[in-house]
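So you can see what is in the structure, the chains are spelled out below.
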Amino acid sequence: MRKILYLTLLLFSFVGVSNVLAVENKVDDLETLRTTEEINNPAETNQSETSQWVEAVIEEETQSSSSDEENKDNITTDSIDPQAMGGDGSENNPFTVSSYSELKSAIKSGNVDPVTNIKYIQLLADILVNESNSADLAFNRNTEINGIKDPSQPSTPENYWYLNYSAVANGTMFKTGTSGLTITLKNLNLGSDSYSQNTYYGFVRVLSASTTLNVENINYNIQRGSQPFFAAAGYCTLNISGTSSYNSPNTSPAYGGEFVEGFRYVNFKQGSQTNISNYTYENHAFFYMYGAGDLTVTVEKNAVLDMNSSRVYMFYYGAATVNQKLILEDNAKFIYKVRDRAGAQSNVLVASAALDMRLAEGSSFEYLTKSRAINMKKLNVSATDPASFYVGKTEDANNFSSPISAGSITITNTGTSLYQAITNNSVVQSAVSPNNRVTFDSTNYQNKSWIKYDPAMSIYGVSASSTVGNRLSQVLSDVQDFQTNLVNGWTFRTEFILSKTPYSDSDGRLDQTTLTNDFNNQTKPDGVYTFTGEDFSSSDSATRGTLDDVLAQNYYIYGRVSGTSNGGSGSTLWKENVVEVPKHISTVFPMALSFLSDDGPLITKKNDYFLESYSNVPTYITMTKVTTGANSDSTIRLVETLSGDEGLLQLDILAALSNTNTTWSMANDGAGQTLELSPYFETNSKANLSFLGGYTGSFYIEKQVNYQVNFKISQTKP
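Just so we're clear, the structure is a prediction, and the values are computed from it rather than from any experiment.

Reading guide: rules and limits
- Residues numbered from 1 in each chain as written.
- Predicted model: local features only at pLDDT ≥ 70, side-chain atom pairs only at ≥ 80, totals over all residues.
- Heavy atoms only, no water.
- Pairing = 2+ DSSP bridges.
- Helix = DSSP H or I, 4+ residues; strand = E, 2+ residues; numbered from the N terminus.
- Axes fitted to C-alpha atoms, helices over the stretch in contact; angles between N-to-C directions.
- Buried < 20%, exposed > 50% of the residue type's maximum accessible area, 1.4 Å probe, protein only.
- Right-handed = clockwise from strand over helix to strand, strands pointing away.
- Salt bridge = Lys/Arg side-chain N within 4 Å of Asp/Glu carboxyl O.
- Core = buried A, V, L, I, M, F, W, Y, C linked by side-chain atoms within 4.5 Å.
- Contact = heavy atoms within 4.5 Å.

1. Topic: the sheet that holds strand β36 (residues 461–469)
- The 3 strands lie next to each other as β36-β37-β41, forming an open sheet whose pairing is antiparallel. Both outer strands of the open sheet, β36 and β41 (545–547), are each paired with one neighbouring strand and no more. Taken over all neighbouring pairs, the strand axes of this sheet differ in orientation by 20° on average, direction set aside.
- Note: strand β37 (residues 472–480) against β41, 3 bridges, orientation antiparallel. Directly across from V475, in β41, lies its bridge partner L547.

Okay, structure coming up:
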């Protein structure tokens, strides 16, 4: 007895196709926050660490500032006269002062904020300090003086009160009376047309060990007694922040000392902008550390220090054992312009045997002169991918053939990229690769207008876009503004990294070493993909790179250019950007499936039924509804399990992947089973379809059934 049953199965599905989207975004330069080392060691304090000329000048005042122990008598806890000043000295209710007498009362008070342990003083008017070395202006508590007029308005000199001084230049304005204090002065004008005098010992004379002096947003214009900062005790720190100007004008009489003297740590804080015009007739140095104390000047991340000075020395010392360091952090700028000086002496970088300098990524150092020759003495530079290093004449210096008169400069490449050492008309070393060094001396800078240590090749940035479609998901990337002088014999290539996670820290600083290692290593971290462009030979033919089969999501893109020659190899720094690969969902279904039942199990009529993903994300397919067709034989009934009854049909669809099967029961609308298809470029993106089940019944004639099946396609797992 022959049993024949034909099935035509119509499959309908919801197919979503996302729009193609290309995104190109610029990521700002990114830097590492440096924490200034704080060293408090009063045991090493030496109150006599002063130069001979300083001792001679301050001899008349030693009784009032000889030691911390004597100055303890200046501390007072007198009750506050509410008619003399307002507030209680706390952060939310600072002392408000409008006169010199009120300022003295506020400083004498023992009140501090109970939480911060700082006394807060707010100026309400211009104040003139008309006496020198007043015991009432000795700081014995952590103190902050704020001269802002209107806190809701920008912090500019027009919005600062004046704090002026009219006593002797050899005297003292403010001073410290206790060790270990933190003193802060901010938003102040110091000096005016009427009062252009201050003191040779700074507007805060630091006489106590381990003092931290913070100055922020200071507009300093002093003609006589123009030395802003002075410390006569050990282990003191000066922090300069905000936007500040320190001006000692080129008018007579313009007398002043060093810009900073005696502080062991001088920090131009992160993001600060400091302009200094230090043009006076006295003394030799710009940064001066007397005694045996070391001196470290740090220009922190993204800070700009722009100086012009008539001094003979940039760095000076008071003892032969002193160590002096200059540190430029990420993207810091250090500009020192040598101004003319009576007697036409040469300018000397450092008085001691050597100056050690550290240049961080993106930093720049410029040492410029118009007419006075520069003696470099001995400069040792550790250069970790700086933007530039330049010593030489200014652009307006005519007929100045040899601005560097003596000394040597040794630069060690401690970074990851390739550099070159050049002069104005010759190459000293065309390629300084990582862990190598170059030395400038009289053999290569004599009769040269300038010397430079610059990247041998560079890029401005990296760009990226994406293209998606059916079985298409790619990232296209290119470098921006590739520059190099290395042409003959060099071959270049663009290199890229696509990453799900950033290689930059919270401050935007890229981990150049890890980027390079991950690119070079065959085993990549999860979510990291590398690709390259084609080789090229000149700076105007840099080629893009393409990465195919990319999973949809947001990525970080990194790019650089590497170069090789017979003489060596190197690369630019990596640059960062972001790119979005949008989701594209498309799934291919067969329009119909057929089977035959002939005295046995169901037989699928064809072997090439399949369900395939063209998407760039995983997709999840669920059977949602089975509907019997209008022309289906009504005597045939779908069941989950066959029994002895006639006319029963068990019909299941099997979706087979390489490692798993999914079975949909048509009698139960798929029974909630879900098939997961991988993106088109991965294994298990295509499932083979077949039937399972059976039929009960005896027929001598052919019968047909047909069903319509709906599926749901989702990018989210049910």
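The structure having been displayed, the exposition proceeds.
2. Some details on the pairing of strand β4 (residues 119–123)
- For β4, the buried fraction is high: 5 of the 5 residues fall into the buried class.
- Along β4, one buried face is formed by K119, I121 and L123 and the opposite face, lined by Y120 and Q122, is buried too.
- Summarising the sheet, strand β3 (residues 95–97) and β4 pair through 3 bridges and their orientation is parallel. Each residue of the ladder has a partner; that of F95, found in β4, is I121.
- Note on the crossover from β3 through helix α4 (residues 100–108) to β4: the handedness is right-handed.
- Sheet analysis places β4 next to strand β7 (residues 143–146), joined by 4 bridges and oriented parallel. Along β7, the bridge assignment pairs Q122 with N146.

3. Structural notes on the pairing of strand β14 (residues 237–241)
- Summarising burial for β14: 5 of the 5 residues are buried, a large majority.
- Judged by which residues are buried, β14 turns out to be covered on both faces: T237, N239 and S241 on one side and L238 and I240 on the other are all buried.
- Taken together, the 5 bridges between strand β12 (residues 212–221) and β14 define a ladder with parallel strand orientation. If you follow N214 over to β14, its bridge partner there is N239.
- As judged from the 4 bridges shared by β14 and strand β17 (residues 265–268), these two strands associate in the parallel manner. By the bridge assignment for β17, T237 is matched with Y265.

4. Some points on the pattern of salt bridges
- Counted by the stated rule, this structure contains 11 salt bridges.
- R493 serves as the salt-bridge partner of E495, at 2.8 Å between the closest nitrogen and oxygen.
- Salt bridges here are not isolated pairs; linked through shared partners, they connect R493, E495 and R560.

5. Details of the nonpolar core
- Within the largest apolar cluster, 89 residues are counted, with the highest numbers of intra-cluster contacts made by F174, F229, F287 and F389.
- Element by element, the count of residues in this core is highest for strand β28 (residues 374–383), at 5 residues.
- The contact partners of F287, leaving out residues within four places of it in the chain, are F259, V260, F268, L295, V297, M307, M314, F315 and Y316.
- F492, V581, M623 and W664 belong to the second largest nonpolar core, which has 54 residues in total.

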